[in-house]
Amino acid sequence: TFVAWGLMEADLGRFDTARQLFARGVRADPAHAPLHSARARVEERAGNLAEARRVLTEALAAFPSSTLWHGLGKLEERSGNLERAAELFEQGASCVRSGDDSSFLWHSLGMVRTQQRNLGEAVAAFERGLRRRPSSSQLRLGMAIAYGAMGKGEEARPLFLMAVQADPSHAHAWQAWGVMEARGGNT
């Protein structure tokens, strides 16, 4: 409730009220990762990047979770700090607790490496994620995109197929596959 209420207040531009509500939420449930993520996003929207980093860093120190690692990595990615984002995604994925899903951290790492054109490292990140979540449409798509960017359409094609088989409604997978085929002259 405090998260939703705080976000509504922030949407109205009442950042001080939002901060008060988040503080009440922290007192009610200090380990609630989505609350810390929401607090950080509100601080980022208010232009307080240092405070957003502080919120997530302190929450991670007290209550480490894949959600908080991802939030801090995405904050750095949005800030243009791709190398720092990659470090955080990898660190988070490597140290998550048993039972905590880290596949989305590997996906984010792979996508950052793809943006950086470090395509071999991108493929390695997607492979590590697929070990945790073998049927992930997003991870298979990311790996297919990386292979496609390498000019390895034959390796990419079965990954695109597996991505759309895992989730037939994954529109981005269909689109990216079609774009790769069209670029290769396979209309």
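Student: For this particular structure, what's the right way to read the overall build of the chain?
Tutor: In terms of regular secondary structure, the chain is built from 11 helices and 0 strands. N-terminal to C-terminal, the α/β element order of the chain is α-α-α-α-α-α-α-α-α-α-α. Reported as C-alpha extents along the three principal axes, the dimensions of the chain are approximately 55 × 35 × 30 Å. Within the chain, the proportion of its 187 residues that are buried is 43%. By sequence separation, contacts in the chain at least 24 residues apart represent 41% of the contacts at least 6 residues apart. In the form shown here, the chain has an accessible surface area of approximately 9,600 Å², with 53% of it arising from carbon and sulfur atoms. On the chain, the mean spot of the 23 positive side-chain charges and the mean spot of the 21 negative ones are 1 Å from each other.

Student: Even after reading the chapter, I still don't get the side chain of Arg140, so can you show me in this structure?
Tutor: Inspection of the secondary structure assignment puts Arg140 in helix H9 (residues 137-149). Here Arg140 sits buried without a salt bridge, and the closest side chain of opposite charge, Glu127, lies 9.8 Å off (N-O distance). What Arg140 contacts, discounting residues up to four positions off in sequence, is Leu130, Pro134, Ser135, Leu159, Met162 and Ala163.

Student: How should the packing of aromatic side chains be read in this particular structure?
Tutor: How two aromatic rings sit relative to each other is given by the distance of their centres and the angle of their planes. Under the counting rule described, the total for this entry stands at 2 aromatic pairs. Relative to Trp177, the ring of Phe160 has its centre 6.1 Å away and its plane inclined at 5°; by these criteria the two rings are stacked. Note that Phe160 is positioned in helix H10 (residues 153-166) and Trp177 in helix H11 (residues 171-183), a separation of 17 residues in sequence. Looking at Phe160, the relative accessible area reads 1%, which means it is buried. Here the aromatic rings of Trp174 and Trp177 are separated by 6.1 Å at their centres, their planes lie at 20°, and the arrangement is stacked. A residue pair is termed a helical-turn pair when its members lie 3 or 4 positions apart in one helix, as Trp174 and Trp177 do in helix H11 at 3 residues. A residue is classified by how much of its surface remains accessible, and Trp177, at 17% relative accessible area, is buried. Here the aromatic cluster, defined as three or more aromatic residues joined through ring pairs, consists of Phe160, Trp174 and Trp177.

Student: Can you walk me through helix H3 (residues 33-45) in this structure?
Tutor: Over its 13 residues, H3 extends 18 Å from the first C-alpha to the last, a length consistent with the 18 Å expected when each residue adds 1.5 Å. Of all 13 residues making up H3, 10 are buried, and the element is well covered by its neighbours. Taken residue by residue, H3 has Ala33, Leu35, His36, Ser37, Ala38, Arg39, Ala40, Val42, Glu43 and Glu44 as its buried positions. Contacts from the buried residues of H3 go to helix H1 (2-11), helix H2 (15-28), helix H4 (49-62) and helix H5 (66-78). Of the residues flanking the end of H3, it is Gly47, one or two places downstream, whose phi is positive at about 85°.

Student: I'm lost on H4 in this one. Help?
Tutor: It helps to recall that an α-helix has 3.6 residues per turn; residues three or four apart then point in one direction. Helix length check: H4, at 14 residues, gives a terminal C-alpha distance of 20 Å against a target of 20 Å (1.5 Å per residue), a fit within 8%. All buried positions along H4 are accounted for by Ala52, Val55, Leu56, Ala59 and Leu60. Burial along H4 is one-sided: seen end-on, the buried residues are contained in an arc of 125°. Along H4, exposed side chains directed more than 90 degrees from the buried face belong to Ala50 and Ala61. The inward-facing, buried residues of H4 abut H3 and H5.

What counts and how
Residues numbered from 1 in each chain as written. Predicted model: local features only at pLDDT ≥ 70, side-chain atom pairs only at ≥ 80, totals over all residues. Heavy atoms only, no water. Helix = DSSP H or I, 4+ residues; strand = E, 2+ residues; numbered from the N terminus. Buried < 20%, exposed > 50% of the residue type's maximum accessible area, 1.4 Å probe, protein only. Contact = heavy atoms within 4.5 Å. Areas by Shrake-Rupley, 256 points an atom, 1.4 Å probe, with all protein chains shown as cover. Lys, Arg positive; Asp, Glu negative; His and termini not counted. Charge placed at Lys NZ, Arg CZ, Asp CG, Glu CD. Salt bridge = Lys/Arg side-chain N within 4 Å of Asp/Glu carboxyl O. Phe/Tyr/Trp six-rings, centres within 6.5 Å; stacked < 30°, edge-to-face > 60°. Expected span 1.5 Å × (residues − 1). Arc of directions from axis to C-beta.

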